[in-house]
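What follows is each chain in one-letter form.
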Amino acid sequence: MIDHGMMVGMDLLVTGIGDAFSSRSHGSSGLVRCDGGWVAIDCPGMVLAMWRQAAEHAGVSCPPEAVRDLVITHLHGDHCAGLETIGFLHRYIVPGDGPVPRLHALPEVLERVWERLAPAMDGGGSDLEDYFEPRPLEPGHPAVIAGCRVESRRTRHSVPTAGLLFSDAAGCLGWSSDTEFDPEHIAWLERADCIVHECGNGGNHTTFAQLRSLPEPLQSRIRLIHMPDDFEPAESPLVPLSEGELIEVRTGAVSDF
Ligand SMILES: [Zn+2]
């Protein structure tokens, strides 16, 4: 439990902004500081270095064992390849630190995540539950994670993927996750004060031009993530996130804008 006194609202620490092929950036991900502790959104490879670099850049303290909740949007490696590290960390490096971390994901993601992890982690007859407590995210049924209300919605991607809305009394954070351009998904995200939207090369991803077609007041609440290394945005209200950026999620204004 992270104690930062009175409830002040959630903060987003941006930990990775790259796409699956980036040689410059970490996989798209963040750490949300909720009233009840840190929650990871996705868990790419090199997760411990990534978290440390972002926390040092932002000047916040977030030791990896303080992250007790992980939300995994989908099973592409650039979003989940660090789970093995986190599972082993809690089991062997900081044992006795309490219950295993909670793993929140769509039911169909939880059903298959062990297929990815088992060849590395099933030694001695171990199972998923020896490393993580699976917590299904059911679209239409908000969950409470570290004191935040978390809603999920399936996106249009090549594998089951959940977009996210984190809300508390102070504000709401939207997270598109990987998705084709989908106006219905954007309408669902629209009530967020800050919307983190992926921006790629089309196909299973959304393009910059498609996001530029949205009304300008909405664009001004969108920040970009999941960009290819050669992405050079034209001047626009759509500002790319950067790694180590700390965003206060508050109604009406995102202080960092
Ligand atoms: Zn993906």
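So, a few notes on the structure that sits alongside this text. The numbers attached to residues start from 1 for each chain and follow its sequence in the written order. Side-chain atom pairs in this predicted model are given and counted only at pLDDT of 80 or more, local residue features only at pLDDT of at least 70, and totals for whole chains, interfaces and linings cover all residues. For the side-chain quantities, the full set of heavy atoms in the structure was used; hydrogens and water were omitted.

### A few points about the pattern of salt bridges
Piece 1. The term salt bridge refers to a side-chain nitrogen of Lys or Arg lying within 4 Å of a carboxyl oxygen of Asp or Glu. Scanning the entire structure with this criterion turns up 15 salt bridges.
Piece 2. Residue glutamate 56 is joined to arginine 52 by a salt bridge in which the shortest nitrogen-to-oxygen separation is 3.1 Å. Of the two residues, glutamate 56 and arginine 52 both sit in helix H1 (residues 47–58), 4 residues apart, roughly one turn of that helix.
Piece 3. Throughout, exposure labels follow a simple rule: accessible area from a 1.4 Å probe, protein chains only, divided by the maximum for the residue type, with under 20% read as buried, over 50% as exposed, and the rest as partly exposed. A relative accessible area of 47% means that arginine 52 is categorised as partly exposed.
Piece 4. The shortest N-O distance in the salt bridge between aspartate 69 and arginine 102 comes to 2.7 Å. On the criterion of sequence distance, the pair formed by aspartate 69 in strand E4 (residues 67–71) and arginine 102 in strand E5 (residues 102–105) is long-range, its members being 33 residues apart.
Piece 5. The exposure class of arginine 102 is partly exposed, given its relative accessible area of 25%.
Piece 6. Among the charged side chains, a network of salt bridges with common partners joins Arg153, Arg156, Glu180, Asp182 and Glu184. Going along the chain from the N terminus, every DSSP run of H or I of four or more residues is numbered as a helix, and every run of E of two or more is numbered as a strand.

### A look at the coordination of the zinc ion
Piece 1. Only nitrogen, oxygen and sulfur atoms within 2.8 Å of the metal, or 3.2 Å for Na, K and Ca, are treated as donors, and water is left out, so sites may look incomplete. The coordination sphere of the zinc ion, as far as protein atoms go, consists of His74 (NE2), His76 (ND1), His157 (NE2) and Asp178 (OD), spread over 2.2 to 2.3 Å.
Piece 2. For the zinc ion, the 4 donor atoms in the first shell make angles of 90 to 170° at the metal, so the coordination geometry reads as irregular.
Piece 3. Donor residues binding the zinc ion come from one chain and are separated in sequence as H-x1-H-x80-H-x20-D. Taken together, the positions of histidine 74 in the loop between E4 and helix H2 (77–80) and histidine 157 in the loop between strand E8 (148–154) and strand E9 (162–168) put the pair 83 residues apart, joining distant regions of the chain. Taken as a pair, histidine 74 and histidine 157 share a single burial class, namely buried. Think of it this way: with four donors and all angles in the 85 to 135 degree range, the site is tetrahedral; with four or six donors, opposite ones beyond 155 degrees and the rest between 65 and 115, it is square planar or octahedral; otherwise it is irregular.

### Quick look at helix H3 (residues 83–93)
Piece 1. Along H3, the residues that are buried comprise Leu83, Ile86, Gly87, Leu89 and His90. Taken around the axis of H3, the buried residues stretch over an arc of 155°, which confines them to a single face. For H3, the exposed residues lying more than 90 degrees away from the buried face are Tyr92 and Ile93.
Piece 2. Throughout, a contact is declared for two residues whenever any of their heavy atoms are within 4.5 Å. For H3, the secondary structure elements touched by its buried residues are H1, E4, H2, E5 and helix H4 (107–121). Arc definition: directions from the helix axis to the C-beta atoms.

### Describing the sheet that holds strand E7 (residues 143–145)
Piece 1. By the convention used here, strands pair only if DSSP detects at least 2 bridges between them. The 7 strands lie next to each other as E7-E8-E9-E10-E11-E12-E13, forming an open sheet whose pairing is mixed. In this open sheet, the two strands that pair with only one neighbour each are E7 and strand E13 (239–240).
Piece 2. Relative to E13, strand E12 (residues 222–225) runs parallel, the two being bridged by 2 bridges. In the strand pairing of E13, leucine 224 is matched with proline 240.

### Overview of the packing of aromatic side chains
Piece 1. Working definition: a ring pair exists when centres of Phe, Tyr or Trp rings (six-membered ring for Trp) sit within 6.5 Å. Plane angles under 30 degrees give stacked, over 60 give edge-to-face, the rest tilted. Considering all chains together, one arrives at 4 aromatic pairs under this definition.
Piece 2. Consider the rings of phenylalanine 88 and tyrosine 92, whose centres lie 5.8 Å apart with planes at 35°: the pair is tilted. Separated by 4 residues within a single helix, phenylalanine 88 and tyrosine 92 lie in helix H3, roughly one turn from each other.
Piece 3. Overall, phenylalanine 88 belongs to the partly exposed group, its relative accessible area being 23%.

### Concerning empty space enclosed by the protein
Piece 1. Think of a 1 Å grid over the protein atoms and nothing else: a 1.4 Å probe that fits but is trapped marks a cavity, an open set flanked by protein within 12 Å on at least five of seven lines marks a pocket, and residues with an atom within 4 Å of a point count as lining. Grid points are joined across faces, edges and corners, and a volume is the space filled by probe spheres set on the points. For the structure shown, the criterion picks out 1 cavity of 30 Å³ or more.
Piece 2. Reported here for the largest cavity is a volume of approximately 60 Å³.
Piece 3. Polar here means any residue outside two lists: the nonpolar Ala, Val, Leu, Ile, Met, Phe, Trp, Tyr, Cys and Pro, and the charged Asp, Glu, Lys and Arg; Gly therefore counts as polar. Classifying every residue of the lining of the largest cavity gives 3 nonpolar, 6 polar and 3 charged.

Any functional reading would require information beyond the geometric quantities listed.
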